[in-house]
Amino acid sequence: MAEDTKNATETPWDIGEESMAEYDRFKVVNKSPRRVDAMKLALGKGTFTDDLTPPGMLHVKMLGSPHAHARILSIDTTEAEAMPDVHCVLNMYNVKAIPHTTAGQGFPEPSPWDALCFPEKVRFVGDRVCAVAAETEAAALRALETIKVEYEVLPAILSPEEAVAEGAVKIHEHPEPTGISKPEMNLACTLGASVGDVEAGFAASDRVIERTYRIGYAQQSPIEPHIAVTWLDEDERLTVRVATQVPFHSRRILAQVLEIPVSRIRVIKPRIGGGFGVKQEVLLEDVPALVTLRTGRPARWALTRPEELVSARTRHPSILTMKAGVNDDGTLVALSMEVLGNSGAYGAHALTVVSCTGGKALPLYKAEHYRFDARVAYTNLPVGGAFRGYGAPQGFYAVEILMDEIAHELGMDPIALREKNMIGSGDDNPLAVALGEGGEGFPQRIRSCGLPQCIEIGREKIGWERRKSFDKTGTKRRGIGMVALMQGSGIPGVDMASSFIKLNDDGSFNLLTGATDIGTGSDTVLSQIAAEELGVTVDDIIIYTADTDLTPFDTGAYASSTTYISGTSVKKAAAGVRRQIVAAAADIWKCEADGLVAANKQVKHPDGRTLSYGDICRSTLYHHNQHQIMDHASHLSYECPPPFSAHFCEVEVDVETGEIKVLNYVAAVDCGVAIHPTAAEGQTEGGVQMGLGYALSERYLFDDKGVMQNASFADYKIFSALDMPELEAVLVPTYEPSGPFGAKSVSEIPINGPAPLLSNAVFDAIGVRFREAPITPEMIWRALREEG
C-alpha cells in the first residue's frame, strides 16, 4: 500500500469522535491480510469451471447466424446427426419456445421476456441457430459445417436512430415477447422522471447550455470467457457448474426454460476468472443442460474469445442530450438528461441500466429542477447487458463533460463550479424516489461523504495550478482534467443476502453464504467481517460460498452490493453466534452473561477466568446443555449509501499525430471504512484501467451488414499493464453508519471517471472538445485540422 494511502487510512478526516474510535478498535477489518484463496490460486489449485472434466463429457458448439436480421425457413441437420461422434442436435424444431429473459435479476425480472433458447428469427450476427454436442470440439465443429440453413433475410437496423424512425422494420413482434415497452416502435423500454419544473427553471436561469454526447460499445473482456459444465448426479438431479455472478437467479431461470422443478437443479459457482457484469446473465447454461437431460451425459460449452465479444453482452451504447440552466455565479438551477440507448437484439437489463444512467449521475449536483427521459431501442447488433458501473459511466460521461463546458463558458475554475453545486453530507438525494432502479425508489439521505477531501487530495497530487503554466505552442501540449463521481451500494429494497455460521470444536467457524466471489476478493472481505465480529482471525473462518444446495440465498455479485449487503448479513449472523457463545459460557460458569467479553478466541470473566471457544463448543456438543452453537441472518437495506470519488489526470497530446499519452492519474475514493484496503486500492486501479480502454481505445467496428470487424484482442484493444500511466489510488476514509463496520462499496465507481476525464484533459491541452468516446488519435488529428 502506498504510504499516502496508509496515512489517509490511519488519519480520517472529520468523521466524528465515535467513528474515529471505531477505527481504533478494529482488529481484522481495515487491514489487508492475505486473501483466503491466495495460495491455491498461486499454486494452480483453485478450481475454475473448466478445471473439472466429468467422464464421458460431450462438447457443445453453436452455429451462429451469419445475418443481422433474418427469419429461419428451414434447418437440415441430417448429415450432422448421422456423424458417429455426434450425440445431440438442438434447434428451434426440437426445443420448446419458452419466452424468458437472460438477465440475472430478482423475480419478477424487470427485463422483458424477449429471448428464446432457439429463436425462429435471428436478430444479430452470432444469434443462436443450432447446437451440436459431440465427443470432441473438433467433431462438433465438423458437424456444424454440414448443417444447411435457409434464411429469409430481413432489413437490418444498425443504429438506435434507425430503430425509432417512422416505418422501421420491427425487430420483436407480438405475441412472442412479453414485457417490451413499445415493440411497435422497437423500444425495449422507456422511462421518465422529474422533480420540480425544468422548463420554468430554464426560463429563470441566466444561461441555458445544451450539448449532445455519444458513447459506444465496450465489452467486459474477463480473462475467463463464459463456460458451463453440466451433469446428472447419483439422484438424477441436474448439476450445473458455471462461471456466473448469479447462481440463484441461474437456477430459477433454468427451471423456467427447462420446465423442471427448482428442486431438480443444483448450481455451483467455482472460482471465477472475472465477471464485471457480463456473467450476471444466464447466457449459455441452458444448452449443455438440455444436452445432459436428453443424453444423460455430462456436457460442456465454452465460448471462444470472438464468440465472447460478439455473442455475450456489452456496455449499452448511448446518445445523451444534456441541458442545464445555470446562473452567472455558477449556481445550477435546472438539469435535464435525454437518453437514446442501444440495447442490441434483446432487452436484458435495458430498463435498469438506463435508470442508473440518470439515477447515479444527475443527483451529484444539486438543482431545484430535474428531468430525465430515456428510450432504449432494439437494433440488430450485439446485445447490451450488465457491465461494471451499470449505466453510470454513460451518465457521468455526459454530466462531467457538461460541467466542464459550463465552467469554460462562465470563466470559472471547473473545481470551483463542482464544489459550489455538489451534494454532501446531510443532503437528500433529490432523485432517489422519482428515479429508482427501474421504477420508484426510496428516500435517501447522504450520511457520509468524503468528496471534498477527494477533490482536495487529487488537486494537490496532480498539481492542478500547473494548468495555467503549460506551453500551448509546441507540437506536444499538456493538459489536466478532473471529474467528480458517485455510485451506490446495492439496490435498496431489492438486494437481499443470507449467511450461516456455526462454531467448531477447535474454535474455528464455518461460514456459508450465497455471496459470489468473482475474483474480487469478497470471500476474504466477508471472512474479515465475520472474524472482527467474533473476535478471531481470518484463519479461523472457513468460508464456502455460492452453491444453491448448500448455501443460503443471495441475489448475487452485482450493484456493488456484496460488502454492503452480504457483509451485513455475515455481521448479523456472527453477532448471533457470539451472543450464543457468551450465553454458553455463562451457563457453564453459572453466572450472568453481563460482564463476559468474547474476544481473542475466548470468553473472559471479570475475575480473570477464561474459556476458549473450543472448550465452549466441546462442552455444548458433548456434555453441557448439548446443542450446536450456530446462527443465520438475512439482510435487506432500504438505504443505498453512495461512495464518492474524484479523478484527476495529466495528458500530453501530439498535435501532429493526434497521439494521446496519459502521464499521471490520481483517483481518490471515499468508500467508507475499507474492509481490505489493498483490495479496495486494487478495485480502484482495475476500474481505472478498464475505463481508460473505454475512453481511448475500445470500439466495436461493424460493416454495413452488422458483422463485427474486430472480434479479437488483436483488433479490439483493451488496456493492458503496459499501457497504464503512473496511477495513484488514495483511500479517503469516512464512516458509513448503515454499512458493516462503516463500509460502503468501491468496485464500480472507478470506471465512471476515465472517459469524461480524458475529454476534459484533452480539451485543456489543445482547446478542442470531444463529445464522443473513445477519443482516438485519428479523431484528434482530424479535429485539429478542421479547427485550422
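These figures come from a predicted structure and were not determined experimentally. (Residues numbered from 1 in each chain as written. Predicted model: local features only at pLDDT ≥ 70, side-chain atom pairs only at ≥ 80, totals over all residues. Heavy atoms only, no water.)

**Q** What's the story with the pattern of salt bridges in this structure? I'm lost.
**A** Pairs may arise between side chains of opposite charge once their charged atoms sit close together. Taken as a whole and judged by the stated rule, the model has 50 salt bridges. A salt bridge links glutamate 405 to arginine 211; its shortest N-O distance comes to 2.8 Å. Of this pair, glutamate 405 sits in helix α12 (residues 392-410) while arginine 211 sits in strand β8 (residues 207-215), placing them 194 residues apart in sequence. Of the residues examined, glutamate 405 reaches a relative accessible area of 7% and is grouped as buried. Residue class for arginine 211 comes out partly exposed when judged on its relative accessible area of 22%. Linking lysine 468 and glutamate 465 is a salt bridge whose minimum nitrogen-to-oxygen distance equals 3.8 Å. Bridged by salt links that share partners, the residues Arg207, Arg211, Asp328, Glu405, Glu409 and Arg771 form one connected network. (Salt bridge = Lys/Arg side-chain N within 4 Å of Asp/Glu carboxyl O. Helix = DSSP H or I, 4+ residues; strand = E, 2+ residues; numbered from the N terminus. Buried < 20%, exposed > 50% of the residue type's maximum accessible area, 1.4 Å probe, protein only.)

**Q** Explain the domain arrangement of the protein here, please?
**A** Many authors give the size of an interface as the accessible area that is lost as the parts come together. If you check the domain split of the protein, you get domain 1 (3-30 + 494-636), domain 2 (49-154 + 226-302) and domain 3 (318-491 + 639-787). Taken over C-alpha atoms, the centre of domain 1 sits 40 Å from the centre of domain 2. Together domain 1 and domain 2 conceal approximately 1,500 Å² of surface at their shared face, both sides included; 49% is due to carbon and sulfur atoms. Contact with domain 2 buries surface across domain 1, with Ile518, Thr548 and Tyr558 losing the most and accounting together for 39% of the total. At the boundary of domain 1 and domain 2, one finds five salt bridges. Where domain 1 packs against domain 2, one counts twelve residue pairs in polar contact (both at pLDDT 80 or more). Residue composition of the side of domain 1 that touches domain 2, by class: eight nonpolar, eight polar and five charged. (Domains from an automatic or database assignment. Buried area = accessible area lost by both parts, 1.4 Å probe. Polar contact = N/O pair within 3.5 Å; in protein donor to acceptor, adjacent residues only side chain to side chain. Nonpolar A, V, L, I, M, F, W, Y, C, P; charged D, E, K, R; others polar.)

**Q** So what exactly am I meant to see when it comes to the sheet that holds strand β16 (residues 476-486) here?
**A** What holds strands together in a sheet is hydrogen bonding between their backbones, with the strands either parallel or antiparallel. The mixed open sheet is built from four strands, whose spatial order is β16-β24-β25-β26. The open sheet has two edge strands with one neighbour each: β16 and β26 (726-731). Geometrically, the sheet is characterised by an average inter-axis angle of 10° between neighbouring strands, direction not taken into account. Relative to strand β24 (residues 644-654), β16 runs antiparallel, the two being bridged by eleven bridges. Counted as the bridge partner of glycine 481 is cysteine 649 from β24. (Pairing = 2+ DSSP bridges. Axes fitted to C-alpha atoms, helices over the stretch in contact; angles between N-to-C directions.)

**Q** Got a minute to help me understand the packing of helix α11 (residues 350-361) against α12 in this structure?
**A** To describe two helices that pack against each other, one gives the angle between their axes and the distance between the axes. One can describe the packing of α11 onto α12 by two numbers: an axis separation of 7 Å at closest approach and a directional angle of 45°. Comparing the axis directions of α11 and α12 gives the class oblique. Here α11 runs over α12; the crossing is right-handed. Of α12, the residues touching α11 (which contributes Val353, Cys356, Thr357, Lys360 and Ala361) are Ala392, Gln394, Gly395, Phe396 and Val399. Per-class residue counts for the contact of α11 with α12 are six nonpolar, three polar and one charged. (Parallel < 35°, antiparallel > 145°, perpendicular 65-115°, else oblique. Left-handed = near helix turned anticlockwise from the far one by under 90°. Contact = heavy atoms within 4.5 Å.)

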